[in-house]
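Residue-level structure breakdown
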Amino acid sequence: MSKVTLGKALNLGLRKALEDDPKVLIMGEDVGRLGGVFRVTDGLQKDFGEDRVIDTPLAESGIIGTAVGLAMRGYRPICEIQFDGFVFPGFDQIVNQVAKLRYRSQGRVPMPIVIRIPFGGGIGAVEHHSESPETYFAHTAGLKVVACSNPTDAYWMIQQAVSSDDPIVFFEPKRRYHEKADLDEEANPYPLHAARVLRSGGDVTVLTWGPSVKTCMDAADAAREDGHEVELIDLRSLSPMDLDPVYASVERTGRLVVVHESPRTASLSAEVSALVTERCFYHLEAPVQRVTGFDVPYPPARVEDGFLPDLDRVLAAVDHTFEF
Amino acid sequence: MTVDSMASTRPRGDCVQLLTPEGERVTHPGYEDVDFSPEQVRGFYRDFVLVRRIDTEGTALQRQGELGIWASLLGQEAAQVGSGRALEPGDFVFPTYREHGVAWCRGIDPVNLLGLFRGVDHGAWDPAEMNFGLYTIVIGAQSLHATGYAMGMQRDGAEDAVLAYFGDGASAQGDVNEAFIWAGVFNAPIVFFCQNNQWAISVPLARQTRAPLYQRAQGFGFPGVQVDGNDVFAVHEVTKRALRGAREGNGPTLIEAVTYRMGPHTTTDDPTRYRIASEVEEWRLKDPIERVRVYLARNGLADQAFFDSVDEEANDLAASIRKRCIELPDPGPMRMFQQVYAEPSPTLERERAEYEEYLAGFEGSHA
Ligand SMILES: Cc1ncc(C[n+]2csc(CCOP(=O)(O)OP(=O)(O)O)c2C)c(N)n1
Ligand SMILES: [Mg+2]
């Protein structure tokens, strides 16, 4: 086992995917010689050539649209979108074409495309570089959506996504790219579309994904000092959602807090809250609490700390579940 | 798989140049009677020095942790000042995120530019008051807004024009090409000004276009002109003519200003990873400021006292904007709820009130 950053783990996973299948391609803005603005594809063009790691012209609709054609021709494109806010020029191709081609063709045209998107805030960036657009994609039938939160998951999940015959929008927590953890390349990978209990606890369940996992882990430590044992679950797969571990947990704790950076209205926490209420109504000791970004455009960097769910807001929500 | 590109990276025969890198006044067919008064040339020089100084200060402030990021215009001063000074008061500008020199020409307080990169706001100027749109970071989006705005001018019977900036990378975006189509078929009073600085972050021009950019205009049905983007005389004259043509009802023009991004893409970029030093050195010899300085000195149009006074003015400006940037007040968290909608949203109002109450709970407890 070795300690690697989340970014490096993705890099190793992508390298493996390129090695394992000659049909796998990487394409996007600055992914080649530069290795991506976050260096996630560092060294891959050098080792696999310009034909497999492709610097594209600057056009997201072009990146996704040509990936569709390449996929029809038997290739397995991995598209990199440079920042969350820049996926939208490619949105039409994703929701109208990538998501629907299998359905329209009665399964004759599979779309084994991975769309990697660094997402989330907390890096002090200018506009459009800090957003959390996962809900749009989870809302779109035909797409699968996942988010990694740590190096081991990053390494395995990217390979699993590439080998899937479904189109997968793959969210990477950009402000955690540099965080290190042990990477076990020999371990048996956890299934791609399964939620994972990261920490067991009997008092209150906290469900989150992506960059907020670390925030919630810290909050769980703090909650312990207040006498509350948190069961922390990383959702990992945002579509389809694997809520069985959440139901099981809530049946024991009776309390659920859902945490994400994207704005609240019509967000994934609304879906979770509805499903948990349907399934666990008689076990609930408190209404499901949500700690989310606010329903505002992502604010300027000097205000983002107020926008982002932080340890204090998570703790306040955890505490609140004991007030009913 | 890579194709040989016909895209030009340097001026060729049909590229308009009126002042050589050596500071020599030359002419170009159709531009024989162009003349610049000594006062005008000194004005360009002053703009150059001040704009470069604003830019240097932006980079320094970022290095010192006062800005989140800074996008330098180093090397593109002539493209920006030359075109910016060709504007009439009623014309309207749509910038990218690098048009600090054009902003200067429009009278935008440089502290507003610094504030945006500091993360205090998304743009503190009033576009309608300054005739200068907000900086646009989503590549190419502003080209369509610019076209629509020009169509509005046209409907109003205004004798004004729009100047829309974009980069060589942006030329690949669908929005930019749709803007060309709209502007062409509606004969909109707009000038598309492409600063071809050879790079879109790490991606060279050849990956964005196979044909020279200015030639693309022909296919859309309007003229395209290539100009030495480091020659303020040529940029100014070409832009002035294109804007005049737009105002007079002759429709759009595409200007490709051939220039070079001397610095990194932004302060977070490391260009040594993708381009060679000799290329940068080659372009340093074509510096837009130096050639005007030589021209002024050689022709006796400015003396040492003038150059000294401009430098002094730049020092004062730098000190002032630095001080005012650092003193910019933090907006405070409640600012994020303002101006999301024209009319109140009960949902948002509730969130705002809850958050205010939550923050009040910390008063006295946390520091
Ligand atoms: C739609 C979109 N995709 C990607 C980006 C990320 N990005 C920012 S600047 C840039 C390169 C722009 O190059 P160019 O148009 O030549 O302008 P320059 O930066 O050279 O002035 C890229 C890819 C973005 N801002 N918007
Ligand atoms: Mg460029």
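Residues numbered from 1 in each chain as written. Chains lettered and ligands numbered in written order. Predicted model: local features only at pLDDT ≥ 70, side-chain atom pairs only at ≥ 80, totals over all residues. Heavy atoms only, no water.

On to the interface of chain A and chain B. The interface is formed by 41 residues belonging to chain A together with 46 residues belonging to chain B. If you look at where chain A meets chain B, you find two salt bridges. A salt bridge links arginine 302 of chain A to aspartate 330 of chain B, with the nearest nitrogen and oxygen atoms 3.5 Å apart. Our enumeration of links across chain A and chain B arrives at 15 residue pairs in polar contact (both at pLDDT 80 or more). Broken down by secondary-structure element, the contributors of at least two residues to the side of chain A that touches chain B are strand E3 (53–55), helix H11 (304–307) and helix H12 (311–320) of chain A. Per-element accounting of the side of chain A that touches chain B gives the leading share, three residues, to H12 of chain A. Partitioning the side of chain A that touches chain B into residue classes produces 19 nonpolar, seven polar and 15 charged. (Contact = heavy atoms within 4.5 Å. Salt bridge = Lys/Arg side-chain N within 4 Å of Asp/Glu carboxyl O. Polar contact = N/O pair within 3.5 Å; in protein donor to acceptor, adjacent residues only side chain to side chain. Helix = DSSP H or I, 4+ residues; strand = E, 2+ residues; numbered from the N terminus. Nonpolar A, V, L, I, M, F, W, Y, C, P; charged D, E, K, R; others polar.)

This part takes up a negative patch on the surface. Residues and elements named next belong to chain B. A cluster of acidic side chains, namely Asp303, Asp308, Asp311, Glu312 and Asp316, defines a negative patch on the protein surface. Relative to the assigned elements, aspartate 316 resides in helix H12 (residues 304–326). Since its relative accessible area comes to 52%, aspartate 316 is described here as exposed. (Patch = residues over 30% accessible without salt bridge, like charges linked within 9 Å, V, L, I, M, F, W, Y side chains within 5 Å. Areas by Shrake-Rupley, 256 points an atom, 1.4 Å probe, with all protein chains shown as cover. Lys, Arg positive; Asp, Glu negative; His and termini not counted. Charge placed at Lys NZ, Arg CZ, Asp CG, Glu CD. Buried < 20%, exposed > 50% of the residue type's maximum accessible area, 1.4 Å probe, protein only.)

Residue and element names in this part refer to chain A. Judged by how many residues are buried, strand E13 (residues 256–263) sits mostly within the fold: seven of eight residues are covered. In this structure, strand E10 (residues 204–208) lies alongside E13, joined through four bridges in parallel fashion. Within E13, the residue paired with threonine 208 across the bridge is valine 259. Sheet topology note: the E13/strand E14 (residues 289–293) ladder contains four bridges and is parallel. Bridging across to E14, valine 258 finds its partner in arginine 290. For the crossover that starts at E13, traverses helix H10 (residues 268–280) and ends in the parallel E14, the hand is right-handed. (Pairing = 2+ DSSP bridges. Right-handed = clockwise from strand over helix to strand, strands pointing away.)

Summed over all chains, the structure comprises 36 salt bridges over all chains. The residue lysine 240 of chain B makes a salt bridge to glutamate 237 of chain B at a minimum N-O spacing of 3.8 Å. Highlighted residues: lysine 240 of chain B and glutamate 237 of chain B, both in helix H9 (residues 232–247), separated by three residues, approximately one helical turn. For glutamate 237 of chain B, a relative accessible area of 8% gives the class buried. One continuous salt-bridge network, built from bridges that share partners, spans Arg15, Lys46 and Asp47 of chain A.

Residues and elements named next belong to chain A. Spatial strand order, E9-E11-E10-E13-E14: five strands in an open sheet with mixed pairing. With one partner strand each, in any of the chains shown, strand E9 (196–199) and E14 form the two edges of the open sheet. For this sheet, the mean inter-axis angle between neighbouring strands, taken without regard to orientation, is 25 degrees. Bridge count between E9 and strand E11 (residues 230–234): three bridges; the pairing is antiparallel. Across the sheet, the residue bridging to arginine 199 is leucine 232, located in E11. Each of E10, E13 and E14 touches H10; the most contacted strand, E13, lies at about 155 degrees to it. (Axes fitted to C-alpha atoms, helices over the stretch in contact; angles between N-to-C directions.)

Further remarks concern the domain arrangement of chain A. All names here are of chain A. Split into domains, chain A comes out as domain 1 (2–183) and domain 2 (196–321). Relative to domain 2, the C-alpha centre of domain 1 lies at a distance of 26 Å. Taken together, the contacts link 27 residues of domain 1 with 22 residues of domain 2. Regarding the contact of domain 1 and domain 2, the summed buried area is about 1,900 Å², with carbon and sulfur atoms giving 52% of it. Taken together, the links from domain 1 to domain 2 amount to three salt bridges. The residue glutamate 261 makes a salt bridge to arginine 175 at a minimum N-O spacing of 2.4 Å. Our enumeration of links across domain 1 and domain 2 arrives at 12 residue pairs in polar contact (both at pLDDT 80 or more). (Domains from an automatic or database assignment. Buried area = accessible area lost by both parts, 1.4 Å probe.)

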